[in-house]
Amino acid sequence: MQIRRFEGKDIQEVLRQVKEVLGPEAIILSTKSSRSPRLGWNRSVVEVVAAVDHRENSQPSQGGNPFAPWNWKAGPEPVNKGVDAQILFQRILETGLFPEFIQGLREEMQALQKASGGKLSEIAQTFLRNKLMEAIDCTSPDQDRSKIWAFIGPTGVGKTTTLVKLAAHFRLRLAKKITLITIDTYRIGAVEQLKTYARILDLPVEVAANREELGSLIQKNRNQDLLFIDTAGRNPNDGEMMGELKNFLTVHPGIENHLVLSATTKDRDLAQIVQRFSILPIASYLITKIDETEDYGPIFNQILRFRRPLSYLTNGQRVPEDIELATKKRVANLVVNQIQWN
């Protein structure tokens, strides 16, 4: 098999290169947009990895095949044109992804179909995955940017459980000195719930009933590695409650706000939640309950719509196991894997 990498200003130009060099039987293995130092860092180019399988002489390619996403079988392959670009495009639309985001994929998918050799579904998966990964940002909030993290969000999304999972991770695995602070004096049993977890983890817990007490507790625990602030779930439509939250969490300039969202929430509601909680600066999103849905388009839309990074995903109730650091590939696969490709 012969594998080559091609660059050009757009997908049409690159596909012409592929056809000229490798012939009409070439298969596209991957596509992505990048900035080429050879062409200048400010110029965006399309990069395509393509291959042609010369079965008759069966000469091994130089340097192996590090790019192939599937195994090639010996002998002639069955003719299988599969679904066409229009059908796949419609299925991508059905994910609920931003129409503005995927509308730009239509021409490129049609061009890919012409060069796909009957393997459009495999190529389209790789193509969409790369586009999703390019469009979003992920971050790890454990890079010592801030030592005071506040977990905010609407009711029922799992803020306290998420806080405890992270506290367990940093306490048990990284031996960090942590103090838990709660300003959730609304829910019956909320303080006791946090204290129960804290006893298990051997962590101190503090309760702040007002802004001044929160400021004093932050000052008192200034030598800790991390301070985690648990907050009551707020109705984003209640301006008074949102104002009270802002009043608490602007008491110290070092507080870093992490917005906890549920993957089970509808796109329109998620957009409203993010917009209303943006009265505070948002450092990252933490997405919970990804195991309770198969519809991940809305989550991607919020990352794209408001241009804030994603830090963690949770997928169950176990503490501390059911939490993971978010990556671009993981998020892209959640979306790609919900599409019927054949």
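Residues numbered from 1 in each chain as written. Predicted model: local features only at pLDDT ≥ 70, side-chain atom pairs only at ≥ 80, totals over all residues. Heavy atoms only, no water.

Draft legend 1. Representation of the environment of R171 in the model. On the secondary structure map, R171 appears in helix α6 (residues 159-173). Assessed through its relative accessible area of 26%, R171 is described here as partly exposed. Placed 55 residues apart in sequence, R171 and L226 show a C-alpha to C-alpha distance of 9.8 Å. (Helix = DSSP H or I, 4+ residues; strand = E, 2+ residues; numbered from the N terminus. Buried < 20%, exposed > 50% of the residue type's maximum accessible area, 1.4 Å probe, protein only.)

Draft legend 2. Local environment of the nonpolar core. The biggest cluster of nonpolar side chains holds 61 residues, and the ones touching the most others in it are I229 and L249. The next biggest cluster of nonpolar side chains, apart from the first, holds 22 residues, and it includes A167, L203, V260 and I323. (Core = buried A, V, L, I, M, F, W, Y, C linked by side-chain atoms within 4.5 Å.)

Draft legend 3. Up close: the sheet that holds strand β7 (residues 226-230). Here eight strands make up an open sheet; going across it, the order is β6-β5-β7-β4-β8-β9-β10-β11 and the pairing mixed. Each edge of the open sheet is held by one strand with a lone partner, namely β6 (205-207) and β11 (323-325). The average undirected angle you get between the axes of adjacent strands in this sheet is 25°. Sheet topology places strand β8 (residues 255-262) next to strand β9 (residues 282-288); six bridges connect them, and they run parallel. When the bridges of β9 are listed, H258 appears paired with S284. Against the sheet, helix α9 (residues 239-249) engages β4 (148-152), β7 and β8, with an angle of about 170° to β4. Here helix α11 (residues 297-306) sits on the sheet in contact with β8, β9 and β10 (310-314), set at roughly 175° to β9. (Pairing = 2+ DSSP bridges. Axes fitted to C-alpha atoms, helices over the stretch in contact; angles between N-to-C directions. Contact = heavy atoms within 4.5 Å.)

Draft legend 4. Highlighting the confidence of the model for the protein chain. With 79% of its residues at a pLDDT of 70 or more, the protein chain has an overall mean of 80. Segment residues 36-42 is flagged for pLDDT under 50; beyond a separation of four residues in sequence, or across chains, it makes nine contacts in the model. This model gives residues 55-81 a pLDDT under 50, and the stretch forms 29 contacts once residues within four places in sequence are excluded. (pLDDT = per-residue confidence, 0-100.)

Draft legend 5. Main features of the pattern of salt bridges. As enumerated under the stated definition, the model contains eight salt bridges in all. Between R307 and D137 there is a salt bridge, and its shortest N-O distance comes to 3.8 Å. You can see R307 sitting in the loop between α11 and β10 and its partner D137 sitting in the loop between α5 (120-135) and β4, a full 170 residues away along the chain. By relative accessible area, which is 46% here, R307 ends up partly exposed. Notably, a salt bridge pairs K220 with E206, separated by 2.9 Å at the nearest N-O pair. In this pair, K220 sits in helix α8 (residues 211-220) while E206 sits in strand β6, placing the two residues 14 residues apart along the sequence. (Salt bridge = Lys/Arg side-chain N within 4 Å of Asp/Glu carboxyl O.)

Draft legend 6. Structural context of the pairing of strand β5 (residues 178-182). Of all the five residues making up β5, five are buried; the element is thus mostly covered by neighbouring parts of the structure. Burial of the side chains of β5 extends over both faces: I178, L180 and T182 are buried on one face and T179 and I181 on the other. Sheet topology note: the β5/β7 ladder contains five bridges and is parallel. Bridge pairing in β7 places I181 opposite I229. Of the pairings in the sheet, the one linking β5 to β6 comprises three bridges and is parallel in character. Bridged to T182 within β6 is V207.

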